[in-house]
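What follows is each chain in one-letter form.
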Amino acid sequence: MAEHGEEKLLAVARHIAKTLGHNDSTADDILQIFSNFDGRFSRDKLSEKMGDGDPRSCAALEHTLKSLDRQISQYVAADQPIWADSVDAGAFLDAVDELIATLREWHPMTGEKSVAACLDRAEDLLQQAMFRVEDEFRSLMERGGESFELSRPLGPGESAGNYLFDSEDEDDDGGMIGCGDDHQIPIAHPISDYDILIDALPSVTINDLHEIAKRMVAAGFGKECSHVYSSCRREFLEESISRLGLQKLSIEEIQKMAWCDLEDQIERWTKAATVALRILFPSERRLCDRVFFGFSSAANLSFMEVCRGSTIQLLNFADAVAIGSRSPERLFKVLDVFETLRDLMPEFEAVFSDQYCLLLRNEAITIWRRLGEAIRGILMELENLIRRDPAKSEVPGGGLHPITRYVMNYLRAACRSRQTLEQVFNESIDDRTSSSSLSVQMAWIMELLESNLEVKSRIYRDPALCSVFMMNNGKYIVQKVKDSELGLLLGDDWIRKHTAKIRQYQVNYQRSSWNKVLAVLKADNTSLAPNPSLNTMRERLKLFNLHFDETCRAQSTWFIFDEQLREELRISVVENLSQVYRNFLGRLQSVPEAGKHPEKLIKYSVEEIGARVNGLFQRVGGGGGGGK
């Protein structure tokens, strides 16, 4: 009975529809009445069944499209934003949904010319609708992007660090500075951690965008939707990075910058890269996933398009630093860039994890490795600097050579980043040994420095002063090694070996300097008769005084920078001189011809000899001064 009643209802509907077919508006209304009359039929279903057996097989489609055309066209032509009214927005999306469903339903019948013509008109209508929703999408993005808020768990004891900009809708105490009735100036709020995400658009706007994106993807306009989305968000992201103080510069412009300016830009880059990878990019990732929820491909494509420009800007800066000058003074800032990129690599892996971002992720890894090559290249340039440093003139007084002070302070500062340098050098070798390649590199630099100093020491005509020069520089080197991470790299054996070298320089100094003086006094023990005459003793004493005065006068301008070394050297010289001189004076006084007052023959007492020696090696000023 139910089926018989349904057939009667359809027969009546067909008769009325055929009778009124010449009047499209009336026929459309009749179809609507029947769909409302019996809830068992949707308007589309009723129209389709009415078309069964109808010579005009697309009549139902015609009626559907005309109804949708009226609904959609009024919104497409509207001057006001459709999403200004949620009811209008809902009605418009419902009409778009019905249009998309109609196209899918009738698509298998495109072989019929009449149906194909109807579907062409439907496609045109859908395209007009998509143009309008694209505009609405853009408008929502722009209006919603005028403000954003920060959302994160706050940690205790926050202190000023990096800054992000807060948004409107805040009172004066909440972070906004009033400027008349219509303008508010965003001010920076300090953050001390990076556990923070930016809600760049209000939740209501995100929901609206998602509904639009869902229709555009369903209609085959996913790429257009991604393009609009990415163009709007890209502008916001680039502005955010600009606010962090990083200029948009080409690689060529960066390479031409003065070093002092580049140092400042590197500091800005470090902060900008950290904020971008740990806050801005993850926030954009979350926003993409919410707007394109259910459409991972569109979300991934949109995110890549949003972040690509800013990411390339950050990576190009790092690349410009990596391929720039290998001048040794650049090492420490290049290390900053290397360490920043290394520490952000987990963020690169996490945020740029999809196939669209694979190139960006790989580029980050490539540039990071290139920075490691730059660091190794800079230390090689330091080697060249040591080799090329000429032996032009002697350092006054055998003091510290500038190359010694420069290299040791440089290496000491570099080794504050020992773990990073070890990572850099270990990346460059395949076979790992018990000694890291960094320790080998440092030992090689020390060997070059020592060889260079030996060449420079030959400038001195006095062998004793040559030994003083090597003693001073060797002592300075060992001190710097022991007081820094260099000691861990070079090891105790290296320190013991070079400490022994310093002692040998002390021995060489005494042999080439004071042995000549001592030889005069010791000569009587071998070449003189058992009872030398007073004249012989007097001549020996005069010769000793002459050599002693000449030696003290020559060495009065010499310098031992290390107090302990200076004291050890004085004690050693005084002990050797005093013992031999005291023995000589004893023999002089035992000579019968000396008379009752032999002291008249003696210019210096033993104590005066010691005092004279103790006044040596403390010259202040000149090129070989202090040892900092």
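Residues numbered from 1 in each chain as written. Predicted model: local features only at pLDDT ≥ 70, side-chain atom pairs only at ≥ 80, totals over all residues. Heavy atoms only, no water.

1. As for the overall build of the chain
Within the chain one finds 22 helices and six strands. Here the chain holds 628 residues, and the buried ones make up 48% of them. Of the accessible surface of the chain, which amounts to about 31500 Å², a share of 50% is contributed by carbon and sulfur atoms. (Helix = DSSP H or I, 4+ residues; strand = E, 2+ residues; numbered from the N terminus. Buried < 20%, exposed > 50% of the residue type's maximum accessible area, 1.4 Å probe, protein only. Areas by Shrake-Rupley, 256 points an atom, 1.4 Å probe, with all protein chains shown as cover.)

2. Remarks on the side chain of Ser327
Position of Ser327 relative to the elements: it lies in the loop between helix H11 (296-322) and helix H12 (331-351). Judged by relative accessible area, which is 18%, Ser327 ranks as buried.

3. Comments concerning the environment of Leu488
Among the secondary structure elements, Leu488 is positioned in helix H18 (residues 486-513). Separated by 49 residues in sequence, Leu488 and Ser439 have C-alpha atoms that sit 8.6 Å apart.

4. Some details on the pattern of salt bridges
This structure, assessed with the given rule, holds 29 salt bridges. For the salt bridge of Arg388 with Glu381, the shortest nitrogen-to-oxygen distance reads 2.8 Å. Residue Glu381 is classed as partly exposed on the basis of its relative accessible area, which comes to 24%. The salt bridge involving Lys603 is made with Asp549; its shortest N-O contact spans 2.9 Å. In this pair, Lys603 sits in the loop between helix H21 (563-589) and helix H22 (606-614) while Asp549 sits in helix H20 (residues 534-555), placing the two residues 54 residues apart along the sequence. Overall, the relative accessible area of 48% leaves Lys603 in the partly exposed class. On the accessibility criterion, Asp549 (12% relative accessible area) is buried. Through salt bridges that share partners, Asp97, Glu211, Lys214 and Arg215 make up one connected network. (Salt bridge = Lys/Arg side-chain N within 4 Å of Asp/Glu carboxyl O.)

5. Side note on the packing of helix H13 (residues 358-388) against helix H14 (residues 402-414)
At a minimum axis distance of 11 Å, the contact between H13 and H14 shows a crossing angle of 165°. Compared by their axis directions, H13 and H14 come out roughly antiparallel. At the point where H13 passes H14, the crossing takes the left-handed sense. Across the interface between the two elements, Ile378, Leu379, Leu382, Leu385 and Ile386 of H13 pack against Ile403, Tyr406, Val407, Tyr410 and Leu411 of H14. Class assignment of the residues belonging to the contact of H13 with H14 gives a composition of 10 nonpolar, no polar and no charged. (Axes fitted to C-alpha atoms, helices over the stretch in contact; angles between N-to-C directions. Parallel < 35°, antiparallel > 145°, perpendicular 65-115°, else oblique. Left-handed = near helix turned anticlockwise from the far one by under 90°. Contact = heavy atoms within 4.5 Å. Nonpolar A, V, L, I, M, F, W, Y, C, P; charged D, E, K, R; others polar.)

6. What about the packing of helix H7 (residues 203-218) against helix H10 (residues 259-291)?
For any two helices packed against each other, the geometry is given by the interaxial angle and the distance between the axes. For the pair H7 and H10, the least separation of the axes is 8 Å and the interaxial angle reads 55°. One finds that H7 runs oblique with respect to H10. On the side of H7, the interface is formed by Ser203, Ile206, Leu209, His210 and Ala213, while H10 contributes Leu287, Arg290 and Val291. Here the residues of the contact of H7 with H10 are counted per class, giving five nonpolar, two polar and one charged.

7. Considering the packing of aromatic side chains
If you walk through the whole model with that rule in mind, you get 18 aromatic pairs. Aromatic side chains Phe544 and Phe548 sit 5.8 Å apart centroid to centroid with 15° between the ring planes, which places their arrangement in the stacked category. Of this pair, Phe544 and Phe548 both sit in helix H20, four residues apart, which is roughly one turn of the helix. The two residues Phe544 and Phe548 agree in class, both being buried. Among the aromatic side chains, those forming a connected cluster through ring pairs are Trp514, Phe544, Phe548, Tyr581 and Tyr604. In this structure, Arg285 packs its charged tip against the face of Phe303, placed 4.7 Å from the ring centre. (Phe/Tyr/Trp six-rings, centres within 6.5 Å; stacked < 30°, edge-to-face > 60°. Lys NZ or Arg CZ within 6 Å of the ring centre and 35° of its normal.)

8. Side note on the confidence of the model for the chain
Mean pLDDT for the chain: 81, with 75% of residues reaching 70 or above. Note that residues 49-56 has pLDDT below 50 and, in this model, 10 contacts with residues that lie over four places away or in other chains. For residues 148-191, every residue scores under 50 in pLDDT, and the model assigns this stretch 84 contacts once sequence neighbours within four places are set aside. (pLDDT = per-residue confidence, 0-100.)

9. Quick look at H14
In this model H14 runs 18 Å from its N-terminal to its C-terminal C-alpha over 13 residues, within 8% of the 18 Å that 1.5 Å per residue would give. Looking only at H14, the buried set comprises Ile403, Thr404, Val407, Met408, Tyr410, Leu411, Ala413 and Ala414. For H14, the secondary structure elements touched by its buried residues are H12, H13, helix H15 (418-426), helix H16 (437-457), helix H17 (463-482) and H18. (Expected span 1.5 Å × (residues − 1).)

10. Here's the deal with the environment of Ala77
Structurally, the position occupied by Ala77 is in the loop between helix H4 (59-76) and helix H5 (86-106). With relative accessibility at 58%, the residue Ala77 sits in the exposed group. Distance in space between the C-alpha atoms of Ala77 and Arg132 is 8.7 Å, their sequence separation being 55 residues.

11. Some remarks on the environment of Phe584
Mapping Phe584 onto the fold places it in helix H21. Phe584 sits 47 residues away from Met537 along the chain, and the two C-alpha atoms are 8.7 Å apart.

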